[in-house]
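Each chain, written out:
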There are 2 protein chains.
Amino acid sequence: MAKKEPIILVTNDDGITAPGIRALIEAVKGLGKVIVVAPDSPQSGKGHAITIGVPLRLYQVDIFEGIEAWHCSGTPVDCLKLARDKILQGVKPDICVSGINHGANHSINVIYSGTMSAAMEAAIEGIPSVGFSFLDYSYDADFSLCKEVAHDVTKKMLESNLPDGTLFNVNIPQVPKERYKGLKICRQANAKWVEEFDERRDPHGKKYYWLTGEFKNRDTGTDTDVWALDNDFASLVPVQFDLTDYKMKDKLQQDWNL
Amino acid sequence: MAKKEPIILVTNDDGITAPGIRALIEAVKGLGKVIVVAPDSPQSGKGHAITIGVPLRLYQVDIFEGIEAWHCSGTPVDCLKLARDKILQGVKPDICVSGINHGANHSINVIYSGTMSAAMEAAIEGIPSVGFSFLDYSYDADFSLCKEVAHDVTKKMLESNLPDGTLFNVNIPQVPKERYKGLKICRQANAKWVEEFDERRDPHGKKYYWLTGEFKNRDTGTDTDVWALDNDFASLVPVQFDLTDYKMKDKLQQDWNL
């Protein structure tokens, strides 16, 4: 008996019309049956936000030839939740791929990233999931290397017997293909954003603020995602969503006598 | 020389007018100089969202007697970022306390919670931080037990020499004080939400969806936050923001030969 064709759920946070999701669909469509559910507008930086106070809209769209696609008015996590309940209706996809994000999601960015939060929501549901991000923010970025990486990682994941809750964060460097050194398994670098707000005055004289920031890597390890990307590797960080700090838990039980 | 009075940054996700933040201010104001920065509207479920595409507003308000307070038009994480840059201007608070949330933030809820994301943003900045949540969603909840717990935990944290990045998630059960059994150090329970969307039709006949959900605990451990709360303890889970799954990292390096 022939093996059933895998179901591949595709999503992102840049919105359904972003070139990155089109590149991702092209990268994985040879590996199974693709279903797309993505936000109807850009949702960068939405983290793991869900929509509580307002209802959501979900419409089918015909913009990817021969592929079932839907867009949703909510956040990336809303898209995943709606896909599960209203589109897949209990059918569990074999994998969820998110991206390809226009911009980096390495290190601490995993926490702010809608791309990764959509993938994490799928992983919480027991679907092996992966987010892809490209270190190029431009709309007309060249996704050819990304597509190869996304194809290979997705294929490998489908072939592997990965446990429930598996979640990978893959970032791809902006380098010519001949300089690209391959995929490296990494840990999340200990880095952060140092922000300053640009203070302006509106026409009525009242202050308003634009978020601006500079990325600071405090981590000198050579096993981090930031190091890998700086050295022309793509990075793959396995991600978990049990946020318990077990070392601190043991220490507190001792120190606080609880 | 007298020890400098600690600076206590107070925030939440239910908004600056929520009874929970007033209770938290009352709980901690005897422990140091309190500065409040909170959203100007309810921001539940906003996770670690930041505001990128629109500018932010920040205004000082006089609603807590004798206490400097500001409200901000953004998410809980935006509040923290603005507080750091525009209010504290480089002065590092001794602690950040977030809440008291009207509703539970145990187990997987830590990922969706604006209360915890605000505290996590402070922790990323190196400020010892804690989020408090009460298992009572009602506006007129009785916060008296919560205030005692919040006071005691905050005091203990200020007295302890906690490392950079310390972050605690404290949930308080809805029990009469005589039944309350004390604080228990826990791990995050492996639980999730099973959602169904309520499908309706607008006056134009088009579908829209409201998120509804049921909480499912899959974890039978007696060392979890959910177990503690079910057994009349308050739970304290130490939280980290290095999301690397180190076990999976080792396994992949072997299995994938990378």
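Every residue gets a number counted from 1 within its own chain, in the order that chain's sequence is written. Chain A is the first chain written and ligand 1 is the first ligand written, with later ones labelled in order. With the structure being a predicted model, the display of local features is reserved for residues of pLDDT at least 70 and the display and counting of side-chain atom pairs for 80 or more, all residues being used for whole-chain, interface and lining totals. Think of the side-chain values as coming from all heavy atoms in the structure, minus any hydrogens and water.

Labelled according to an unreviewed UniProt entry, chain A appears under the name 5'-nucleotidase SurE, originating from Chitinophaga skermanii. UniProt positions are given in the numbering used here, feature names are shortened, and annotations may be inferred rather than shown by experiment. The Catalytic activity (unreviewed entry) comment attached to chain A in UniProt states, word for word, "a ribonucleoside 5'-phosphate + H2O = a ribonucleoside + phosphate". Its UniProt record gives chain A the following Function (unreviewed entry) comment, quoted word for word: "Nucleotidase that shows phosphatase activity on nucleoside 5'-monophosphates."

Engineer: Please give an account of the packing of helix α1 (residues 19–28) of chain B against helix α5 (residues 144–159) of chain B that cites residues and values.
Structural biologist: All names here are of chain B. Throughout, an axis means a line fitted to C-alpha atoms (over the contacting stretch in the case of helices), and angles, computed between N-to-C directions, take values from 0 to 180 degrees. Secondary structure follows DSSP: runs of H or I at least 4 residues long count as helices, runs of E at least 2 residues long count as strands, and numbering of each begins at the N terminus. Between α1 and α5, the least distance of the axes is 8 Å, while the angle of their chain directions is 50 degrees. Taken as axis vectors, α1 and α5 run oblique relative to one another. As for the relative orientation of α1 and α5, their crossing is right-handed in sense. Between α1 and α5, the contacting residues are Ala23, Leu24, Glu26, Ala27 and Val28 on the first element and Lys147, Ala150, His151 and Thr154 on the second. If an angle is under 35 degrees, it is roughly parallel; if it is over 145, roughly antiparallel; if it lies from 65 to 115, roughly perpendicular; otherwise it is oblique. Each crossing is labelled by how the near helix is turned from the far one, with a counterclockwise turn of less than a right angle marking it left-handed and a clockwise turn marking it right-handed. Contacts were defined at the residue level, with two residues in contact if any of their heavy atoms lie within 4.5 Å.

Engineer: I'd like a description of the interface of chain B and chain A, backed by residues and values.
Structural biologist: Facing the 75 residues of chain B at the interface are 75 residues of chain A. Reported buried area values correspond to the accessible surface (1.4 Å probe) lost by two parts on association, with both partners' losses combined. Interface of chain B and chain A: buried area, both sides summed, is about 6,900 Å²; carbon and sulfur atoms make up 64% of it. Salt bridges are identified by distance alone: a Lys or Arg side-chain nitrogen within 4 Å of an Asp or Glu carboxyl oxygen. The interface formed by chain B and chain A contains ten salt bridges. Across the pair Arg84 of chain A and Glu195 of chain B runs a salt bridge, and its minimum N-O distance is 2.7 Å. A 3.5 Å cut-off defines polar contacts: any pair of N or O atoms within that distance qualifies, except that in protein one atom must be a possible hydrogen donor and the other a possible acceptor, and neighbouring residues in sequence count only when both atoms are side-chain atoms. Applying the counting rule to chain B against chain A returns 34 residue pairs in polar contact (both at pLDDT 80 or more). When residues in the side of chain B that touches chain A are grouped by element, the largest group, seven residues, is from helix α2 (residues 76–87) of chain B.

Engineer: Kindly report on the sheet that holds strand β8 (residues 183–185) of chain B, identifying the contributing residues and their values.
Structural biologist: At least two bridges found by DSSP between two strands are what make those strands a pair. Here nine strands make up an open sheet; going across it, the order is β3-β4-β2-β1-β5-β6-β7-β11-β8 (chain B) and the pairing mixed. Edge strands, defined here as strands with exactly one partner in the open sheet, are β3 (58–61) and β8 of chain B. Neighbouring strand axes in the sheet, compared pairwise and without regard to direction, differ in orientation by 20 degrees on average. Both β8 of chain B and strand β11 (residues 234–238) of chain B contribute to a ladder of three bridges, which runs parallel. Paired with Lys184 of chain B across the two strands is Ser235 of chain B, which belongs to β11 of chain B. Here helix α7 (residues 246–255) of chain A sits on the sheet in contact with β7 (167–172), β8 and β11 of chain B, set at roughly 130 degrees to β11 of chain B. The strands touched by α2 of chain B within the sheet are β1 (7–11), β2 (33–39), β3, β4 (68–72) and β5 (95–102) of chain B, with β2 of chain B carrying the most contacts at an inclination of about 135 degrees.

Engineer: I'd like to hear about the layout of surface pockets, residue by residue, with values.
Structural biologist: Residues and elements named next belong to chain A. Think of a 1 Å grid over the protein atoms and nothing else: a 1.4 Å probe that fits but is trapped marks a cavity, an open set flanked by protein within 12 Å on at least five of seven lines marks a pocket, and residues with an atom within 4 Å of a point count as lining. Grid points are joined across faces, edges and corners, and a volume is the space filled by probe spheres set on the points. In this model, the second largest pocket occupies a volume close to 940 Å³. Contributions of two or more residues to the lining of the second largest pocket are made by β5 (95–102), α3 (109–112), α4 (114–124), β9 (191–201) and β10 (207–217). It is β10 that provides the largest number of residues to the lining of the second largest pocket, a total of four residues.

Engineer: Any chance you could break down the relation of the copies chain B and chain A for me, citing the residues and the numbers?
Structural biologist: Superposition of chain B onto chain A requires a rotation of 180 degrees combined with a translation of 0.0 Å along the rotation axis, giving an RMSD of 0.0 Å. In symmetry terms, the pair is related by a two-fold rotation axis. The fraction of interface residues of chain B whose copies in chain A are also interface residues reaches 100%, indicating that both copies meet through the same surface. For this overlay, a least-squares fit was computed on C-alpha atoms, restricted to residues scoring pLDDT of at least 70 in both copies.

Engineer: Kindly report on the pattern of salt bridges, identifying the contributing residues and their values.
Structural biologist: Considering all chains together, one arrives at 39 salt bridges over all chains under this definition. The residue Glu195 of chain A makes a salt bridge to Lys81 of chain B at a minimum N-O spacing of 2.6 Å. Of the two residues, Glu195 of chain A sits in strand β9 while Lys81 of chain B sits in helix α2, which places them in two different chains. Like Glu195 of chain A, the residue Lys81 of chain B is buried in the burial classification. The shortest N-O distance in the salt bridge between Arg84 of chain B and Glu121 of chain B comes to 4.0 Å. Separated by 37 residues along the polypeptide, Arg84 of chain B in helix α2 and Glu121 of chain B in helix α4 (residues 114–124) bring together distant segments of the chain. We call a residue buried when its accessible area falls under 20% of the maximum for its residue type, exposed when it is over 50%, and partly exposed in between, using a 1.4 Å probe and counting protein chains only. Look at Arg84 of chain B and you get buried, because its relative accessible area is 19%.

Engineer: Report on the UniProt feature "binding site: a divalent metal cation" (unreviewed entry) in chain A, specifying residues and quantitative values.
Structural biologist: Sites flagged by UniProt as "binding site: a divalent metal cation" (unreviewed entry) map to Asp13, Asp14, Ser44 and Asn101 of chain A. Spatial clustering of the annotated residues is evident: they stretch over 89 residues in sequence, but the largest pairwise C-alpha distance comes to 9.0 Å. Here, the second largest pocket is lined by Asp13, Asp14, Ser44 and Asn101 of chain A out of the annotated residues. Mapped onto the elements, Asp14 of chain A comes out in the loop between β1 (7–11) and α1 (19–28). Beyond its immediate sequence surroundings of up to four residues, Asp14 of chain A is in contact with Ser41, Pro42, Ser44, Ile100, Asn101 and His102 of chain A. Looking at Asp14 of chain A, its side chain comes within polar contact range of the side chain of Ser44 of chain A, at 3.2 Å. Considering the arrangement of structural elements, one finds Ser44 of chain A in the loop between β2 (33–39) and β3 (58–61). The residues touching Ser44 of chain A, leaving out its near neighbours within four places in the chain, are Asp13 and Asp14 of chain A together with Ile52 of chain B.

Engineer: If you had to explain unusual backbone geometry to someone new, which residues and values would you point to?
Structural biologist: The omega torsion across Gly99 of chain A and Ile100 of chain A is -10 degrees, close enough to zero to call that bond cis. Looking at the element boundaries, Ile100 of chain A is found in strand β5. Backbone geometry at Gln89 of chain A places phi at a positive 45 degrees, although glycine is not the residue there. You can see Gln89 of chain A is positioned in the loop between α2 (76–87) and β5. Here Ser107 of chain B, not a glycine, exhibits a phi torsion of approximately 45 degrees, which is positive. Relative to the helices and strands, Ser107 of chain B is located in the loop between β5 and α3 (109–112). The buried category is assigned to Ser107 of chain B, whose relative accessible area is 1%.

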